[in-house]
Amino acid sequence: MSSPKATLEKLPRGVQVLLGVGALALAAFPFVPVDGRDFYLQMITQMMILAIFAMSLDLLQGVTGLVSLGHAAYFGLAGYALAFLTPADNPVALWWSLPLAAGAAGLAALVIGFFVVRTHGIYFIMVTMAFAQMIYFLFFDNKSLGGSDGIYVYFRPDASAVGIDLENRTHFYYFTLAALIGVYLLLRRLLFSPFGRALSGIRVNEHRMRAVGYGTFGYKLAAFTLAGTLAGVAGYLWAAQTGFVNPELMGFHMSAHAIMMVILGGMGNFAGAIVGAFAFEYVMHFFKDMTKHWQLLMGGFIVLVVIVAPRGLLGLGEKMFGRNKGGRL
Amino acid sequence: MTTRRLVLTRSAAVIGAASTGLLLPQIVRAQSDKLRVGFMLPYTGTFAQLGVAIENGFRMAINEQGGKLGGREIEFFKVDDESNPAKGIENATRLVQRDRVDVLVGTVHSGVQMGIHRVARESGVLNLIPNAGVHVATRQQCAPNVFRTSFSNSQPTLALGKPMVERGHKKAVWITWNYAAGDEAFEGFEKSYTEAGGQIIKKLGLPFPNVEFQALLTEIASLRPDAVACFFAGGGAAKFLRDYHAAGLSRSIQLYGSGFLTEGVLEAAGDAANGVLTTMHYSDSLDTPRNKQFRLEYAKTFKMQPDVYAVQGYDTGLLLVQGANAVRGDFGNKQALQAAMRGAEIDSPRGKWKMSPSHNPIQDMYLRQVENRENKVIGIAAKAVADPGTGCRMA
Amino acid sequence: MDFANFLIQLLNSIQYGLLLFMLAAGLTLIFGIMGVVNLAHGSFYMLGAYMAWFFTAQFDSLVLAIVVGTLLAVALGWLLEWGLFRFFYHRDHLDQVLLTFGLIYIFEELRSILWGDDVHAVQVPELLNWSIPLTDTLSYPVYRLVMSGICIALAVGLYLLISKTRLGMKIRAGAFNREMTEALGINIRLIHGVVFALGVGLAAIAGMIASPIASVYPGMGSSVLIMCFVVVVIGGIGSVRGALVAALLVGLVDTFGKVLVPQLAGMAVYMLMALVLLYKPEGLFKQ
């Protein structure tokens, strides 16, 4: 019932060019002398972090076909991990806090996944949401965990071991860009590996995969855990950048935004997730600048996308640029 | 046309279409002579009313001075903070970095305020707080460029303890939401009530902004205290008043609260609120010429009645005017500007007040009783209440 | 906790549970019969509450407001189904989630444009504005009892409709096997329209009768939506009986949780859901 539509796995030439141009533009941006540069640097860094978050969900949703309404739980958990690890007067070292935070998120995904991956279809969607809400309330109701007010991350992680000062906006920007490209390449590799092929197979027809002898439960759980870990990487970066975590990071709205970003861009190839994240945030900022009633426009935009572009922007792009040989990068 | 050229030209077309003047940064922005004032307030969501009232009050104060600050024209910028703490830093940065405001007026919600506070401390921009009562802003994290014209969360409740004990209500239950504003209000109550000889028999809380009070009201009834003291605001306050009355508690157990319990909600609460006693730094019914004049002017200009938020916005404007006049519009002269504001005396509708060393108002707290949808001032609960400013290096 | 206290908390739980049931019943019907997951269901609850406030101010009577509001809600439900939702029955859940999430934004904003962002109160009708004294300090508001009564009446009505009428029979048939039902000459399109309108109507009525005790404020839809989904999942998608049992369970767990274990209060209901799903992955009363 919940099998998402066939996706563009091999990216057409046009899209590859776009991605390349985009990466170059991102790398060059900090050198452009714009008014309010700091603000734009921050905005784009945030978009890149959300792109990583979206890609992690795409692994689960677009590739494996598991629609999770609770993916933000792992995003938020890693953010909180950084907040707890960072003392009030000193930064914490990057080299061990990042793996620890992402690992914590991954562990949570493993445990929750164990309960959740047995369900199917609409139940899967509901249960993932339920667990995310549970974690949300765990933090919301307990002052010892920060409560509804959240916690501040007073210092960005200390990366001086590799010669980067994350408190410097530009350094942080490039660090995030590197993370974005790294995660993208990793996931693309994964997509065409035997593991990735198995996940795609599960999406297309799980029964058949089982009939052929695959232990689908294990594969799905692995995908769920990996997706949670990568979401944790994004969450860590988010907490480091904004310096603040609150339960909303794990909430329903955050998870729903992630789903929208992935769908907006086009599922299953990770490039779509990046495009979707940037497009979604851009559109939201644009509407917010325009009018107080931006939610109306946002809602209309979402409805429009569902009706007109069911395969997302990349799907539209495919129609416009034509499907040619395409590549695996 | 080859495929490649087709791809490139089409890409260019798409990008061209997408960049039609939206959100793209301007390479050059001419420096103007106008003073830039930025509002970061809730224009949507539950606190939207408050945001509007604050801005109205502020503008009224400026217009009374001819619409200029220290002789300079003003350019206004606005950001809707949606009462969302997660976006506090981002929204504040937009005003400070992109719009380059000279003054940031904001905000209502304490969680968002922390975001603004961080940006204010980093950038040194002048930040005037027209409402958010979060303690750290004028305590451990006080800053020379941050001034508050409203109250600190514990000020109203610091004045609550003594009146309660004076009326013979020596055993009380406290109830509020479990968030910073609620916790800080409790701090003031605990201090003043226990110092006056009262005993807090239980402290109840529910998650913010939950309004299902039934279970807790039932528990209050079974505890049988002399009185109940609370902190609630906005829609939740209206509901609490109504539920308290519907559960029959208003007949047997006197209800006290920080003044926000009965601010702006008396129409909604109706007769359920009659007899409730609250303490706050203002009341609509304050019978002074200054207040009457203010209320008349405000009602004439905005076609609605002012509330405490409008007064706070108004006082923010008055404070800024005094500062601007002292430096004759030269906001670059931060030392003199801050000194002027620190020493300002504000002739407010709530009564005259001055800044404490940690940049919080030192003000009288009025004791009010609800009578027929109005907060009638029945006395002064405490005079010249100041926030202790613990941990502030300027204090 | 003494016995009187316990009884009162029990009453509180049942009242909350019954209200949740009204919302969950509509949602589970819509999902069970048309296979559409509707995240905007909470928005109908909110629309109901705002309509109650608005029309009570216009007509000076809550009862009249409820009547008018219900008619409008049913009409809206019919229109939405006819104009939008019926194209999505065959689309996968992801599209439905996305679509209805977009609708949430739209409804919130429409509400903001039409009625503003203020918090409002709806006055309890004078006739019902009294309380029954239970102990020397505590009374129980009569309106809450009346509200529970209305929910029970509607629940019975729903039961009778579904199991004892021809329409109900057709609805059940359509849920069981759509193609066969159509082949037998029954107008399945009509049935779907009716079910959707019924679901929306129930949600709106819930909002309307709850408005005097719940406050009318922006965002009230989202808070109730999630609880609603929990109830539907625990009860089993498509089962109205399941929704009733689950709603009462949720009411009990939530109310007693808040009083006995406040630190776990918010989590308690979700733990319940996780527990149920562990043993019965398709809910308690899955069709």
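Each value, and the rule that gives it
- Residues numbered from 1 in each chain as written.
- Chains lettered and ligands numbered in written order.
- Predicted model: local features only at pLDDT ≥ 70, side-chain atom pairs only at ≥ 80, totals over all residues.
- Heavy atoms only, no water.
- pLDDT = per-residue confidence, 0-100.
- Contact = heavy atoms within 4.5 Å.
- Helix = DSSP H or I, 4+ residues; strand = E, 2+ residues; numbered from the N terminus.
- Pairing = 2+ DSSP bridges.
- Axes fitted to C-alpha atoms, helices over the stretch in contact; angles between N-to-C directions.
- Buried area = accessible area lost by both parts, 1.4 Å probe.
- Salt bridge = Lys/Arg side-chain N within 4 Å of Asp/Glu carboxyl O.
- Polar contact = N/O pair within 3.5 Å; in protein donor to acceptor, adjacent residues only side chain to side chain.
- Nonpolar A, V, L, I, M, F, W, Y, C, P; charged D, E, K, R; others polar.
- Expected span 1.5 Å × (residues − 1).
- Bend = angle between axes of the 7 residues up to and from the residue.
- Buried < 20%, exposed > 50% of the residue type's maximum accessible area, 1.4 Å probe, protein only.

A. Main features of the confidence of the model for chain B. Residues with a pLDDT of 70 or more make up 91% of chain B, whose mean pLDDT is 87. For the stretch residues 5–31 of chain B, pLDDT sits under 50, and the model shows 33 contacts to residues farther than four places along the chain or on other chains.

B. Spotlight on the side chain of serine 348 of chain B. Inspection of the secondary structure assignment puts serine 348 of chain B in strand E11 (residues 345–348). In contact with serine 348 of chain B, other than residues within four places in its own chain, are Arg290, Val311, Asp315 and Trp353 of chain B.

C. Expanded view of the environment of lysine 34 of chain B. When you line up the elements, lysine 34 of chain B lands in the loop between helix H1 (3–18) and strand E1 (35–41). Not counting residues up to four positions away in its chain, the partners in contact with lysine 34 of chain B are Arg72, Glu73, Ile74, Glu75 and Asp102 of chain B.

D. Geometry of the sheet that holds strand E4 (residues 126–129) of chain B. Residue and element names in this part refer to chain B. Overall, parallel pairing links the five strands, which are arranged E2-E1-E3-E4-E5 in an open sheet. Edge strands, defined here as strands with exactly one partner in the open sheet, are strand E2 (74–80) and strand E5 (146–148). Mean inter-strand twist for the sheet, computed between neighbouring axes without regard to direction, equals 20 degrees. Judged from the three bridges that link them, strand E3 (residues 103–105) and E4 form a sheet pairing that is parallel. Looking at the pairing, leucine 104 lines up with asparagine 127 of E4. The strands touched by helix H2 (residues 48–64) within the sheet are E1, E2 and E3, with E1 carrying the most contacts at an inclination of about 155 degrees. With respect to the sheet, helix H13 (residues 308–326) is in contact with E3, E4 and E5, its orientation differing from that of E4 by roughly 150 degrees.

E. Inspection of the interface of chain A and chain C at higher detail. At the interface, 44 residues of chain A touch 45 residues of chain C. Summed over both partners, the interface of chain A with chain C comes to about 4,000 Å²; 78% of that surface belongs to carbon and sulfur atoms. At the junction of chain A with chain C, the criterion picks out zero salt bridges. One can count four residue pairs in polar contact (both at pLDDT 80 or more) joining chain A with chain C. With 13 residues, helix H5 (residues 121–141) of chain A is the largest single contributor of residues to the side of chain A that touches chain C. Tallied by class, residues from the side of chain A that touches chain C come to 28 nonpolar, twelve polar and four charged.

F. Spatial organisation of the interface of chain C and chain B. Counting residues at the interface gives 26 residues for chain C and 29 residues for chain B. A combined buried area of about 2,300 Å² lies between chain C and chain B, and 50% of that area is made up of carbon and sulfur atoms. At the junction of chain C and chain B, the tally comes to one salt bridge. Along the contact surface separating chain C from chain B lie four residue pairs in polar contact (both at pLDDT 80 or more). Of all the elements in the fold, those that place two or more residues in the side of chain C that touches chain B are helix H1 (3–34), strand E2 (139–141), helix H8 (188–214) and helix H10 (240–260) of chain C.

G. How the structure looks around helix H2 (residues 37–63) of chain A. All names here are of chain A. Taking 1.5 Å per residue as the helical rise, H2 with its 27 residues ought to reach 39 Å, and the 37 Å between its terminal C-alpha atoms agrees with that figure. Remark: the principal bend of H2, roughly 35 degrees, maps to leucine 57. When you tally the buried positions in H2, you get 25 out of 27 residues, the bulk of the element. Immediately downstream of H2, the backbone of glycine 65 shows phi near 80 degrees, a positive value.

H. Molecular detail of unusual backbone geometry. Residue and element names in this part refer to chain B. In this structure, threonine 107 follows glycine 106 across a cis peptide bond, with omega equal to -5 degrees. Within the secondary structure layout, threonine 107 lies in the loop between E3 and helix H4 (110–123). One non-glycine residue, asparagine 372, adopts positive backbone phi at about 55 degrees. Inspection of the secondary structure assignment puts asparagine 372 in the loop between strand E13 (361–371) and strand E14 (374–385). Of note, the phi angle at alanine 384 is positive, near 45 degrees, even though the residue is not glycine. Residue position: alanine 384 is located in strand E14.

I. Seen up close, the pattern of salt bridges. Residue and element names in this part refer to chain A. Following the criterion strictly, the structure yields 30 salt bridges over all chains and no others. Of the charged contacts in the structure, one is a salt bridge between aspartate 38 and arginine 37, with a shortest N-O distance of 3.9 Å. The partly exposed category is assigned to aspartate 38, whose relative accessible area is 24%. In this structure arginine 37 comes out as partly exposed when scored by relative accessible area, which is 26%. Close ionic contact of aspartate 38 with arginine 169 constitutes a salt bridge, the shortest N to O distance being 3.6 Å. Remark: arginine 169 occurs in helix H6 (residues 169–191) and aspartate 38 occurs in helix H2; sequence separation between them is 131 residues. The class for arginine 169 is partly exposed, based on a relative accessible area of 26%.

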